[in-house]
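An overview of the molecular structure
Take a look at the letters that make up each chain.
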Amino acid sequence: MTPADLATAIRQATTTVLTDHDLDATVVPETVTVERPRNPEHGDYATNIALQVAKRAGTNPRELAGWLVDALASDPAIASADVAGPGFINLRLAADAQGKLVADILEAGQNYGRSDIYAGEKVNLEFVSANPTGPIHLGGTRWAAVGDSLGRVLEAAGAEVTREYYFNDHGGQIDRFARSLVAAAKGEPTPQDGYGGAYISEIAAGVVDKHEGALEGTDAEVQETFRAAGVDMMFAHIKRSLADFGVEFDVYFHENSLFESGAVDKAVATLKDNGNLYESDGAWWLRSTDFGDDKDRVVIKSDGDAAYIAGDIAYVADKFDRGHTLAIYMLGADHHGYIARLRAAAQALGYDADAVEVLIGQMVNLVRNGKPVKMSKRAGTIITLEDLVDAIGVDGARYSLARSSVDQTLDIDLDLWTRQSSDNPVYYVQYGHARLCSIARRASEAGVSFADPDLGLLAHEKEGDLIRTLGEYPAVVKAAAELREPHRVARYVEELASSFHKFYDACQILPKAGEDAEPIHEARLALAMATRQVLANALDLLGVSAPERM
């Protein structure tokens, strides 16, 4: 029995009890809270349902709790139910009911924890979207790890997810990039507003090598040669970096295509027609304050050129016109203003503003030997995705970036994440999976099977703790999807690994050498293999490997 199963049983019992006592049963909520008590001596689970509905139903909480205890105690899956305090209910599950969860996990396999709560939802998930003017820095790397994990979590919840990279190949930053390449190719200093670093010299040399006469022609022709070729080379590097990091995109969307295809002109025309674009001082303004923004935004400047937001508006329309029902943008720490303006743009175009979500990620800092590792993109000392992977590996990088809320500035201690010890969270979790794989191999060699175990024998305290932790996994995945917080999966998997290690230390899983297997060994082996499955499922949602040997 999972916490969700128990919540359903409690809800049904509450409805029945209130009806039997001629009280208002319509006050029973659709979702009933079931939690594990902080003190395990109080029981396996607790609920506050009596406190939640008693007054509205027309009775007092403790009296309703007493009725519910009597009703729930008749359920064979519940070993005991007691009233605590002003009306809390503490519950203990029968060993058979707890053990059934192990069988359910083994039967579900990779599907355990998956649901259909977002079935029919078509999500456009845009993340990373770093300008193609340099390698992916730590902020973009954080979004690569978190964005890919969020996509996996949403898919586990039943959504159809399109992972999208918005390729900024239109605007001033590309011009500065091209000028920087030309200067490097000519051996001149980096322009004051340009980009520096070894990668600029490398790309410039690559353009010269592949394009004969690249430095010949007018200044405009030379810059265009370096712009086109340099952007292609830089973006090819970005794609390789992401692929090596385990992140693949379904769509690489070119900003420039919005202008070339006429999408920007179409969006502007729509806004003019519906009255949400007005002319003032020779420019055209979006009435964004009508839709919650702090100020109206210039869309077409007085010189007739499109402002940057014009592309954003057209891009919003494009996402929904492609059939997506939800557009999630994952943007950097300096993009707070985009939340209101993107929602306003969607609403002004006639789309649902609530179908636009903007997640803002905070900065990432590296620490080595107790000291911060400095970074400066334009100074050429940028800390890149590859630098982080070289320091702590793909798994360490992805896990370290995905295990904390993106609302928090993140410090990554390179010394910690390279240790092969329980202090290193990813090592601790992966070691748990490898240990479970070792148990499976030794069981096979010893001829111990878990094909038909008596799971009602799993009555040890540590067995119960582990089973209840396994039972929480579906709710964790659901919450991670609904709240857009994949870090919940990482924190859960650490709790699961801890619960397993405690079980391993307290319970003899396999018979000792020379002894025959007993039913308890088969039951514990089944529990261990269920744990291995859930660890693997959770690590997969994080894009982290589940090694069989370490």
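Residues numbered from 1 in each chain as written. Predicted model: local features only at pLDDT ≥ 70, side-chain atom pairs only at ≥ 80, totals over all residues. Heavy atoms only, no water.

**As for the sheet that holds strand β4 (residues 122-126)**
- Read across the open sheet, the five strands follow the order β6-β5-β4-β10-β11; overall the sheet is parallel. Unpaired on one side and paired on the other, β6 (251-254) and β11 (356-360) mark the two borders of the sheet. On average, each strand axis in the sheet is inclined to that of its neighbour by 25 degrees, with strand direction left out of account.
- In the sheet, β4 pairs with strand β10 (residues 326-331) via four bridges, with the strands oriented parallel. When the sheet's bridge partners are listed, Leu-125 is paired in β10 with Ile-328.
- This element, helix α12 (residues 337-348), spans β10 and β11 of the sheet and lies at about 170 degrees to β11. (Pairing = 2+ DSSP bridges. Helix = DSSP H or I, 4+ residues; strand = E, 2+ residues; numbered from the N terminus. Axes fitted to C-alpha atoms, helices over the stretch in contact; angles between N-to-C directions. Contact = heavy atoms within 4.5 Å.)

**Observations concerning the domain arrangement of the protein chain**
- The domain architecture assigned to the protein chain consists of domain 1 (3-93), domain 2 (99-115 + 422-542) and domain 3 (172-225).
- Each of domain 2 and domain 3 was reduced to a C-alpha centroid, and the two centroids are 56 Å apart. (Domains from an automatic or database assignment.)

**Here we look at the nonpolar core**
- Counting 111 residues, the largest nonpolar core has Val-128, Leu-242, Tyr-399 and Ile-412 as the members making the most contacts within it.
- Tallying contributions element by element places helix α18 (residues 519-541) first for this core, with 12 residues.
- Lining this core are residues from two domains, each supplying at least three of them: domain 2 (99-115 + 422-542) and domain 3 (172-225).
- Once residues lying within four places of it in the same chain are set aside, the contact partners of Tyr-399 are Trp-417, Pro-425, Val-426, Val-429, Ala-490, Val-493, Glu-494, Leu-539, Leu-542 and Val-544.
- In this structure, Val-264, Val-299, Ala-327 and Ala-345 belong to the second largest nonpolar core, which totals 33 residues. (Core = buried A, V, L, I, M, F, W, Y, C linked by side-chain atoms within 4.5 Å. Buried < 20%, exposed > 50% of the residue type's maximum accessible area, 1.4 Å probe, protein only.)

**Things to note about the packing of aromatic side chains**
- With the rule as written, the count across this model stands at 19 aromatic pairs.
- When the centroid spacing of 5.5 Å and the interplanar angle of 90 degrees are considered together, the rings of Phe-235 and Tyr-252 count as edge-to-face. With Phe-235 in helix α8 (residues 219-244) and Tyr-252 in strand β6, this residue pair connects regions lying 17 residues apart in the sequence.
- Between Tyr-473 and Tyr-492, the aromatic rings sit 5.5 Å apart at their centres with planes inclined by 35 degrees, giving tilted as the arrangement. Taken together, the positions of Tyr-473 in helix α16 (residues 473-483) and Tyr-492 in helix α17 (residues 487-506) put the pair 19 residues apart, joining distant regions of the chain.
- For Tyr-473, a relative accessible area of 2% corresponds to the buried category.
- Of the aromatic side chains, those joined through ring pairs into one cluster are Phe-127, Tyr-165, Phe-167, Phe-235, Phe-249 and Tyr-252. (Phe/Tyr/Trp six-rings, centres within 6.5 Å; stacked < 30°, edge-to-face > 60°.)

**Section: the UniProt feature "domain: DALR anticodon binding" (unreviewed entry) in the protein chain**
- In this structure's numbering, the residues bearing the UniProt feature "domain: DALR anticodon binding" (unreviewed entry) are residues 429-550.
- A helix fraction of 68% and a strand fraction of 0% characterise residues 429-550, whose end C-alpha atoms lie 11 Å from each other. (UniProt positions renumbered as here; feature names shortened; annotations may be inferred.)

**A look at the packing of helix α1 (residues 3-20) against helix α3 (residues 61-73)**
- Taken N-terminus to C-terminus, the directions of α1 and α3 make an angle of 115 degrees; their axes are 10 Å apart at the nearest point. For α1 against α3, the interelement crossing comes out right-handed. Side by side, α1 and α3 meet where Ala-9, Ile-10, Ala-13, Thr-14, Val-17 and Leu-18 of the first sit next to Leu-64, Trp-67, Leu-68, Ala-71 and Leu-72 of the second. (Left-handed = near helix turned anticlockwise from the far one by under 90°.)

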